[in-house]
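Topology and contacts: notes
Chain residues, written in single-letter form:
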Amino acid sequence: MGYKKVICVLPSDLLMAVQQYVDGEYIYIPRKAENKKQWGELKNSRHQLDKRNLEIYAKYQNGVSVKELSLKYYLSPKTIYKILSAIKKSS
């Protein structure tokens, strides 16, 4: 998230109105609902995790144990079971 100088973005009368409520403080202005991005959308993280999870599921289907998967992927066995369950439900 980048910061912008308010004097470059807002008209002076609006700036003075905002200063009535927050003078010299930082405020966060959230995105409009239609402009929000899903988690992982910007850096392709979601795609990478989905790919990893499908790989885990495929290895499990080929006989690799949950313990081996948890050691290989540095995840707890509980997390491996959650991944397997989620993929089974979506199939």
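Anyway, here's the lowdown on the structure attached to this text.

It is worth spelling out the layout of surface pockets at this point. Roughly 920 Å³ of volume is contained in the largest pocket. Considering the residues around the largest pocket, the lining is formed by 20 residues, among which Tyr-3, Lys-4, Ile-27, Tyr-28 and Ile-29 are closest to the centre. Elements supplying a minimum of two residues to the lining of the largest pocket: helix H1 (6–9) and helix H2 (12–19). Split by residue class, the lining of the largest pocket holds 13 nonpolar, three polar and four charged.

Counting through the fold element by element, Leu-10 comes out in the loop between H1 and H2. Placed 61 residues apart in sequence, Leu-10 and Leu-71 show a C-alpha to C-alpha distance of 53 Å.

What follows covers the side chain of Ser-70. Relative to the elements of secondary structure, Ser-70 occurs in helix H4 (residues 66–73). Other than its neighbours up to four places away in sequence, Ser-70 contacts Leu-75, Ser-76, Pro-77 and Ile-80.

Counting residues in hydrophobic clusters, the biggest one holds ten residues: Ile-56, Tyr-57, Val-66, Leu-69, Tyr-73, Leu-75, Ile-80, Ile-83, Leu-84 and Ile-87. Elements supplying a minimum of two residues to this core: helix H3 (45–61), H4 and helix H5 (77–90). In terms of residue count, the dominant contributor to this core is H5 (four residues). Dropping the residues within four chain positions of it, Val-66 is found in contact with Tyr-60, Pro-77, Ile-80, Tyr-81 and Leu-84.

Rules behind the numbers
Residue positions are counted from 1 within each chain, in the order its sequence is given. Only residues with pLDDT of at least 70 get local features here, since the model is predicted, and only at 80 or more are side-chain atom pairs given and counted; chain-wide, interface and lining totals rely on the full set of residues. Hydrogen atoms and water are omitted, and side-chain values are computed over all heavy atoms in the structure. Residues are called lining when one of their atoms sits within 4 Å of a cavity or pocket point, these points coming from a 1 Å grid over the protein atoms alone, where a cavity is a set in which a 1.4 Å probe fits but cannot get out and a pocket is an open set with protein on both sides within 12 Å along at least five of seven lines. Grid points are joined across faces, edges and corners, and a volume is the space filled by probe spheres set on the points. The helix and strand labels rest on DSSP assignments: H or I over at least four residues marks a helix, E over at least two residues marks a strand, and numbering proceeds from the N terminus. When residue character is reported, Ala, Val, Leu, Ile, Met, Phe, Trp, Tyr, Cys and Pro are called nonpolar, Asp, Glu, Lys and Arg charged, and the others, Gly included, polar. Note on contacts: a residue pair qualifies if any of its non-hydrogen atoms lie within 4.5 Å across the two residues. Residue types Ala, Val, Leu, Ile, Met, Phe, Trp, Tyr and Cys, when buried and joined through side-chain atoms within 4.5 Å, form a set referred to as a nonpolar core. Any residue under 20% of the maximum accessible area for its type is buried, any over 50% is exposed, and the rest in between are partly exposed; the area is computed with a 1.4 Å probe on protein chains only.

Function-wise, these values are silent; they only describe arrangement.
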